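Survey of secondary and tertiary structure
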Amino acid sequence: MTLDTPVTEFPGIGPARAVKLEKLNIRCAGDLLTAFPRDYEDRRALYPIQDAPVGQKVCIRAMVAERPRLARIRRGMDLVKVKVVDATGTLYLTFFNQSYVEKALHPGEEYIFFAALEEREHRRAMVNPLFEPVGRRQATGCIVPVYHLTEGISSHLMASLTRQALDRCGDQLAETLPQSVRLEHQLAQVAFAYENIHFPASPEALDAARRRLTFEELFYLSIGLASLKNRRDQGGPAVPIAPAPVDDFAALLPFPLTGAQRRTMEEIATDLTAGRPMNRLVQGDVGSGKTMTAAYAVWLAARSGLQAALMAPTEVLAQQHFKTLAPLMAQLGVDTVLLTGSMGAAARRDARERLALGSARLAIGTHALLSEGVEFRALGLVVTDEQHRFGVAQRSALAAKAQAGGIPAPHVLVMSATPIPRTLALIIYGDLDVSVLDELPPGRTPIETFVVGEDKRQRMYGFVRKLVGEGRQAYIVCPAVEENTGEDPAGGPVLDLKAVTVYAKRLQEEVFPQLRVGLLHGKMRPREKESVMSAFAAGALDILVSTTVIEVGVDVPNAALMVVENPERFGLSQLHQLRGRVGRGKHQSYCVLITGSHSAAALQRLKVLAKTTDGFKISEEDLRLRGPGDFFGSRQHGLPTLHVADLSGDLRTLTQAQQAAQALLEADPGLELPEHQPVRARVRELFRDTPDIFN
Ligand code: ADP
Ligand code: MG
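Cut-offs applied
- Residues numbered from 1 in each chain as written.
- Chains lettered and ligands numbered in written order.
- Predicted model: local features only at pLDDT ≥ 70, side-chain atom pairs only at ≥ 80, totals over all residues.
- Heavy atoms only, no water.
- Pairing = 2+ DSSP bridges.
- Helix = DSSP H or I, 4+ residues; strand = E, 2+ residues; numbered from the N terminus.
- Axes fitted to C-alpha atoms, helices over the stretch in contact; angles between N-to-C directions.
- Contact = heavy atoms within 4.5 Å.
- Core = buried A, V, L, I, M, F, W, Y, C linked by side-chain atoms within 4.5 Å.
- Buried < 20%, exposed > 50% of the residue type's maximum accessible area, 1.4 Å probe, protein only.
- pLDDT = per-residue confidence, 0-100.

1. Looking at the sheet that holds strand E24 (residues 590-595)
- Sheet architecture is open: six strands sit in the order E19-E24-E23-E20-E22-E21, paired in parallel fashion. The two strands at the open ends of the sheet, each matched to only one other strand, are strand E19 (448-453) and strand E21 (517-520). Within this sheet the neighbouring strands show an average axis-to-axis angle of 20°, counted without direction.
- Where strand E23 (residues 559-565) and E24 come together, five bridges link them in parallel fashion. Counted as the bridge partner of Val564 is Leu593 from E24.
- Sitting on the sheet, helix H15 (residues 457-469) touches E19, strand E20 (473-477), strand E22 (543-546), E23 and E24, and the angle it makes with E23 is about 160°.

2. Considerations on the sheet that holds strand E16 (residues 379-385)
- If you trace the seven strands from one edge of the open sheet to the other, you get E14-E15-E13-E16-E17-E12-E18, paired in parallel fashion. Two strands bound the open sheet, and with one partner strand each, they are strand E14 (336-339) and strand E18 (433-437). Each adjacent strand pair in this sheet contributes to an overall mean axis angle of 20°, direction not counted.
- Inspection of the sheet shows E16 paired to strand E17 (residues 411-416) by five bridges, in the parallel sense. Directly across from Leu381, in E17, lies its bridge partner His411.
- Across the sheet, helix H9 (residues 259-272) is in contact with strand E12 (279-284), E17 and E18; its angle to E18 comes to roughly 160°.
- This element, helix H10 (residues 290-303), spans E12, strand E13 (307-311), strand E15 (362-365), E16, E17 and E18 of the sheet and lies at about 170° to E17.

3. Some thoughts on the environment of Ser534
- With respect to the secondary-structure elements, Ser534 resides in helix H17 (residues 526-537).
- Separated by 218 residues in the primary sequence, Ser534 and Val316 have C-alpha atoms spaced 9.1 Å apart.

4. As for the nonpolar core
- Residues Phe249, Leu381 and Leu413 are the most contacted members of the largest nonpolar core, which totals 62 residues.
- For this core, the element with the most residues is H10, which contributes ten residues.
- Here Phe249 is in contact with Met265, Met292, Ala295, Tyr296, Trp299, Leu328 and Leu332, once residues within four sequence places are set aside.
- Phe10, Leu32, Leu161 and Ala209 belong to the second largest nonpolar core, which has 31 residues in total.

5. Looking at the pairing of E14
- Burial along E14 is two-sided: the face carrying Thr336 and Leu338 and the face carrying Val337 and Leu339 are both buried.
- Note that E14 and E15 share four bridges and pair parallel. Residue pairing in the sheet places Leu339 in a bridge with Gly365 of E15.

6. Focus on the confidence of the model for the protein chain
- Averaged over every residue, the pLDDT of the protein chain is 87; the share at 70 or more is 88%.
- When pLDDT is averaged over each element of the protein chain, E14 comes out on top at 97 and helix H21 (residues 629-633) at the bottom at 52.
- Contacts for the low-pLDDT stretch residues 482-493, under 50 throughout, to residues beyond four places or in other chains number 15 contacts.
- Confidence drops under a pLDDT of 50 for residues 633-637, and excluding neighbours within four residues, the segment shows twelve contacts in the predicted structure.

7. Regarding the side chain of Gln261
- When you line up the elements, Gln261 lands in helix H9.
- Taking relative accessible area as the criterion, Gln261 reaches 3% and is therefore assigned buried.
- When residues no more than four places from it in sequence are discounted, the contact partners of Gln261 are Ser288, Gly289, Met292, Thr293 and Leu437.

So this is what it looks like as C-alpha cells:
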C-alpha cells in the first residue's frame, strides 16, 4: 500500500462509503493521515466495576464469566446478554442487534468495555459497549481521536481506517523539514507526529505532535508568503510616478498632519516612486485619518497624469468620501467623479465619459466602478476602503480596468479600520506592506463607554433625551439580518428587519415622541438610505436607529452617543468600529452597550471595551477570546486553509516559524539546494492556487 492507494482498497470500503469519505475530502490513504482529529477523548482510566462512576462513559476491564446468550425478542430484533466480572463485582452487558457478539466474546478471557455505566436495582450494567481484547488499546484504555464526520461514517470507522493507513504506509511519510530547523526548534519527527496526532500515547506526546505539525504548516505558509512578496518586489515595472514633498500637500489641509499620517505618506511616496507596483495596507483605528493618506497618493498619481479609483463597500461611504475629497481635490486641480448604483443614467453616463477621456482623475464609487462600460484612460492607482469587505476577485477586477488602459500593474492601496494584531496581519495580509496609523488627530476626547443591563433601559432612554436636549445626536444600533450576511455569525436569533422597523417605530411613538427618529438598514433602496443619512448628517434627525450598515466609515461630528442593543452578538472589534462612529467632533461622546446577557464571560468581554479605546489592544483581546475566525471570516483572503494551526493559541509558534522561514530564505532564496527540495514541494502544494509561486 502507498499513500496514493484509494480508500476502496481498504477492507469494508465499498463505492457507497467511498463517496461518503469523499465528502470529507478523503480519497486515498494519505488523505486519511492528514485528516486530523478535531478532538480527543481520554479513555485511559480503567475502573474496577464497583468503583466506576455511574452515569459516565467509562472503561472497565473485566473477564467474560459465561457463554453469551443470544435471544430473538421479535422480528428484526435480537439481543445478546452476558455477565462479566472483576475482583470487585459483576457487570451486566446487553447488546442490541449485534448477534456477532455471541461468538466474539469468549468466556474466561479479559476485555476492556467502554460505555456509559448504568445502575438499576444495585446491578451495574452497560448497553452496547464498545469492547476489545486487553492489550489492543485502540478504542479503550487510551486517548481516542474524535474525527470530523459525515453521515454514515463513524469516528470509530475513521480511527480504524487511519490505524490501517498508518500501519501500512505511515513509514512512507517523508521528512520535509530540514534537519537543522527540526533540531533548532526541537520538533518531533514526522512519523512520530502523525502517529501521535491520531493516536496519542500521552497528552505530552500529543502536544509534541501538534507543535511539530503546526510549526510545519506555518513554516510553509511563511515561506510561501515571503516568496510572493519577493516576487512582487522584483516584479514588473510600475507606471512611473514623480515624487512631491508631503509638505506641499499638507499645506492645503486645514489641519496639521499627525506624525503617523506623515510617516505613512512618506512610505506611500517611497512605494510609488520605487519603480515597482505599490501593494500597501494602511491600517488604523477609526478616525485616525486614513483618507488623507489615500488623498496624498491620489494627488501624486494625478500629478503624473494618472487616474485613481477609490472603491468603498457601501453607497453611504462612497458618498461621504466624495463629499470630503472632491473639494480638496478640486483645490489641487484634480477633477473627481462619483459612480454608484443609485445614480441616474445621465449622471452615470457623464461620469463614465469623463473617466474614459481622462478629464476626471479620481473616481470614487462602489462596486459600480467595476461594472462593464466603466473605462479609464490611464488608471494607475487603485484604492480600496475597508478592504475586508472586498474579495481578492474584486481587487483584480479593478486592476483589469487598468490593464485595459495599457497599465499592466497599477499601484494598490488598501485602507482598513479593523486593527489586526501584527502577527495575524502578517498572515492575513502577508503579501502586502503594512503602514500603521497608531495616533489619532489631537483634540479628541476619549469616548466614555458603559456596559449596562436591561434594568437600566429607562435611564439609557433618559440619557438619550438629555444629550439630544443639548443639541447632540444619537445612534441606536441593533443586530439584524443584513443584505450580505443573511445569518447571524454568532448563530443566535437575530432581529429580522421587520423587528428593527417595529422597534424604530415604537421608539418614535412611545419613547421619544418629541424627537425625530430615523431608520437605516441594508435592505433599503440606495436612494432612501442616502436621504436618511443626509437627513441625519444635516441634523434633521435626532436619533438614527440602524443595523450595522453604519458600521463603516460614516462621519457625523455632531453625533455624540452610540447605543448598541444586544452587543454580545458582535465581536469586540466590530463594536469598537461602531463606537468609532461617535467622538468625531468636539463634543464629549459616549457609547452605551445595553445587554440582557447574564453570562459572565460575555460581560467580561464587553468590559474590555469600557477599559480601552486602543483598537489594536481590542483586536488582540478579540483574537484571544474568540479566535481568528472573525478576522478570517470577514475576508475572502485567498490564502491557503490551515489544518492544524490555531492562530489564537499558536502565535508563539507562528513567530518561530516565521523566523525559521526567513532564515531559510536568506540562506537559499530560491530554495534551489537539493536538501530544500522537499520544502519547495510542500510550499508549492500549499499554494497550489498560486502556481507560479517560485518563478
Ligand atoms: P478614518 O481613518 O476612520 O478613515 P478619516 O480619514 O475619515 O478617518 O478621518 C476622520 C476625521 O478626521 C475626518 O473628519 C478628517 O477630516 C479628520 N482628520 C484627518 N486627519 C486629521 C488631522 N491630522 N488633524 C485633524 N483632523 C484630521
Ligand atoms: Mg475611513
